[in-house]
Amino acid sequence: MSTASSTESSGTESPGTEPTSPAAATAAPSEDRTGRAPGRFGALVDRFAPALGAYAVVKAIGLTVFMLLLSHTGDYLNKQPGRGGGANPWDVLSTWDGVWYQRIAENGYHPQLIPLHGFPLATYYENSAAFFPLYPWLMRLVGTVTGLGSYGSGIVVSVLASLVAAAGIFAIAERLGGFRAGVTAAALWALFPGSGVEWAVYSDSLFVALSAWACYCVMTRRWLTAGVLALVAGLNRPTAAALIAAVSIAALVALVRRTDGVARPLTAMLITPWGLIGYVAWVGWKMGDWGGYFKLQRGAWNRYFDGGASTLRTIMDVITGHWDFWQSNPVPDLIAIALLIALPGLLVLLWRARPPLVLWVYTALTIATALSSNQIFGNISRYLLPAFPLCIGLAFALRRVRTSSLVGLFAMPAIAAGWYAGYALFELGIP
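As the structure is a computational prediction, the values presented were derived from the model and not from experiment.

### Digging into a nonpolar patch on the surface
The grouping of V57, I61, M412 and I415 at the surface amounts to a nonpolar patch, some 360 Å² of accessible area in total. Inspection of the secondary structure assignment puts M412 in helix α18 (residues 403–426). Judged by relative accessible area, which is 58%, M412 ranks as exposed.

### A word on the confidence of the model for the protein chain
Overall, the prediction assigns the protein chain a mean pLDDT of 90, with 91% of residues at 70 or greater. Confidence drops under pLDDT 50 across residues 1–37; counting only partners more than four residues distant or on other chains, this segment forms 90 contacts.

### Quick notes on the nonpolar core
In terms of nonpolar packing, the biggest core is built from 124 residues, with I172, W189, F388 and F426 touching the most fellow members. Each residue touching I172, except ones within four places of it in the same chain, is listed here: A212, C215, Y216, M219, L359, F388 and I392.

### Brief notes about the packing of helix α6 (residues 179–191) against α18
Axis separation between α6 and α18 bottoms out at 9 Å; the angle between their running directions is 20 degrees. As far as their axial angle goes, α18 and α6 are roughly parallel. Crossing geometry of α6 relative to α18 is assigned as left-handed. Where α6 abuts α18, its residues R180, T184, A187, L188 and L191 lie against T403, L406, F410, P413, A414, A417 and Y420. Of the residues assigned to the contact of α6 with α18, the class counts are nine nonpolar, two polar and one charged.

### Thoughts on helix α14 (residues 330–352)
An ideal rise of 1.5 Å per residue puts 33 Å on 23 residues; α14 measures up with 34 Å between its terminal C-alpha atoms. The largest bend in α14 comes to about 35 degrees, at L343, with the proline P344 one to four residues further on. Within α14 the residues assigned to the buried category are P332, D333, I335, A336, I337, L339, L340, L343, L346 and L350. Two residues or fewer past α14, R354 is found with a positive phi of approximately 55 degrees.

### Let's talk about the environment of A226
As for its placement among the helices and strands, A226 is situated in helix α8 (residues 223–233). Considered as a pair, A226 and G307 are 81 residues apart in the sequence and their alpha carbons are 29 Å apart. When sequence neighbours within four positions are dropped, the list of residues in contact with A226 reads A214, C217, V218 and V247.

### Here's the deal with the side chain of T259
Mapped onto the elements of the fold, T259 is located in the loop between α9 (240–257) and α10 (263–271). Accessibility expressed as a relative area gives 7% for T259, which makes it buried. Within the structure, the side chain of T259 is placed 3.2 Å from the side chain of D260, a separation counted as a polar contact.

### Points about the packing of aromatic side chains
Applying the stated criterion across every chain yields a total of 20 aromatic pairs. A ring pair is formed by F66 and F426, whose centres lie 5.8 Å apart and whose planes are at 35 degrees; its orientation type is tilted. Note that F66 is positioned in helix α2 (residues 41–73) and F426 in helix α18, a separation of 360 residues in sequence. Using a relative accessible area of 3% as the deciding quantity, one classes F66 as buried. For the pair Y101 and F131, a centre-to-centre distance of 5.4 Å together with 75 degrees between the ring planes defines the contact as edge-to-face. Taken together, the residues span a long stretch of sequence, with Y101 in helix α3 (residues 97–107) and F131 in the loop between α3 and α4 (134–146) at a distance of 30 residues.

### Points about unusual backbone geometry
Of note, the phi angle at R221 is positive, near 65 degrees, even though the residue is not glycine. Residue position: R221 is located in the loop between α7 (204–219) and α8. The phi torsion at R258 lies on the positive side, around 55 degrees, for a residue other than glycine. For R258, a relative accessible area of 56% puts it in the exposed group.

### Details of the side chain of E198
As for its position among the elements, E198 is in the loop between α6 and α7. On the basis of relative accessibility, which here comes to 0%, the residue E198 falls in the buried class. A distance of 2.7 Å separates a polar atom in the side chain of E198 from a polar atom in the side chain of Y55. Setting aside residues up to four positions removed in sequence, E198 forms contacts with Y55, K59, S158, V159, S162, W189, A190, S205 and L385.

### Some remarks on the pattern of salt bridges
Summed over the entire model, instances satisfying the criterion amount to nine salt bridges. With a closest N to O distance of 2.7 Å, D260 and R221 form a salt bridge. One end of the pair, D260, is in the loop between α9 and α10; the other, R221, is in the loop between α7 and α8, and 39 residues separate them in sequence. Given a relative accessible area of 3%, R221 falls into the buried group. According to the relative accessible area criterion, D260 is buried, its value standing at 7%. One network of salt bridges, with partners in common, ties together D97, D204, R237 and R382.

### Regarding helix α17 (residues 389–398)
Of all 10 residues in α17, eight are buried, a share of seventy percent or more. When α17 is considered as a whole, its buried residues turn out to be P389, L390, C391, I392, G393, A395, F396 and L398.

### What to know about the packing of α14 against α18
At a closest axis distance of 9 Å, the pairing of α14 and α18 adopts a crossing angle of 140 degrees. Taken together, the axes of α14 and α18 lie oblique to each other. Between α14 and α18 the crossing geometry is left-handed. Residue-level contacts link V331, P332 and I335 of α14 to W419, Y420 and A424 of α18. The class makeup of the residues in the contact of α14 with α18 is six nonpolar, no polar and no charged.

About the criteria used
- Residues numbered from 1 in each chain as written.
- Predicted model: local features only at pLDDT ≥ 70, side-chain atom pairs only at ≥ 80, totals over all residues.
- Heavy atoms only, no water.
- Patch = residues over 30% accessible without salt bridge, like charges linked within 9 Å, V, L, I, M, F, W, Y side chains within 5 Å.
- Areas by Shrake-Rupley, 256 points an atom, 1.4 Å probe, with all protein chains shown as cover.
- Salt bridge = Lys/Arg side-chain N within 4 Å of Asp/Glu carboxyl O.
- Helix = DSSP H or I, 4+ residues; strand = E, 2+ residues; numbered from the N terminus.
- Buried < 20%, exposed > 50% of the residue type's maximum accessible area, 1.4 Å probe, protein only.
- pLDDT = per-residue confidence, 0-100.
- Contact = heavy atoms within 4.5 Å.
- Core = buried A, V, L, I, M, F, W, Y, C linked by side-chain atoms within 4.5 Å.
- Axes fitted to C-alpha atoms, helices over the stretch in contact; angles between N-to-C directions.
- Parallel < 35°, antiparallel > 145°, perpendicular 65-115°, else oblique.
- Left-handed = near helix turned anticlockwise from the far one by under 90°.
- Nonpolar A, V, L, I, M, F, W, Y, C, P; charged D, E, K, R; others polar.
- Expected span 1.5 Å × (residues − 1).
- Bend = angle between axes of the 7 residues up to and from the residue.
- Polar contact = N/O pair within 3.5 Å; in protein donor to acceptor, adjacent residues only side chain to side chain.
- Phe/Tyr/Trp six-rings, centres within 6.5 Å; stacked < 30°, edge-to-face > 60°.

This is the structure we're talking about:
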């Protein structure tokens, strides 16, 4: 496995090429600041602690505000458990998809296609097979080791995975723009619309952790590790297709350019899709219908690829004040519109950071997947949460801002995130 530290400019660089980005000065950031050799635990702590600390502080502020808003309204007491309700404010963190993950962790899978009649948008009963297995597997493992229930295990997995994700985002941004850009990018991911699911019983943090480190491994030409991480991500979410494509395309470029030999990039290409393919095939086999997974998604959850027709139609409805479309949730819908307005600017900032090919492909396909499917429009903020390179472009632009100014700049968004990324998502919408 190669440990070369050169940065990709268009997939990979030639072996021995020195990095030309500002991160060239940060190849051994811990050694520069502490005098300790890279690779030691103390050096890793010194390198990642500021970013993880900034991320954790921002998340803790947002979560506290979220809980205060829940306590203030008390609306969760009048909602059905599992649908934004519960006996305590923190129970909301395990509602919606969290209910399904807990069921899987406790009872496993029973894939079935059971016809449903009398509903215009549903032809099959909902079934847990729509949810991929990696996250509930880890929940069960943590529960076995710690004795925690499914709720506590899910929170533990999500919080730890979010820290791993923040570390990966930091590592990529540091490589592109230096240490300050890395810390800022980690904090920005905590403020992203939809980030309320990062510390909830949801699989999003785990997916971003796998994606960020897979991209980092491509950038550092650790092809086998990148391939394994993409394979494992395919067991976590169907949107891993974007990561699988990004790693595979970058590996193909390396093969064409002969920068890293043949065996390692080729192996990465060959192994990346099998987590995703394997789970979808297993569901189809258990259902007795090889297209069963996709039939379940469309027939029970009304999720399917439509080329962006529903997204465009809903955008027109929202901006003209029509709230009679399927699953309209005015506040989350407006937050989604604001994010879409900001999206071109975030892409421009990402372009200015000169990211490697793997980040471009991953970001573009993640956005395309989110916008080209029929879904709950207000969830676009959550569906774009895996597009972490958008935070890196903004962090790159902010890297010269003084620390005191950054703290002031982040203070109000950190508080507001408890509303727009937490309360609005879970209580005013359906995440």
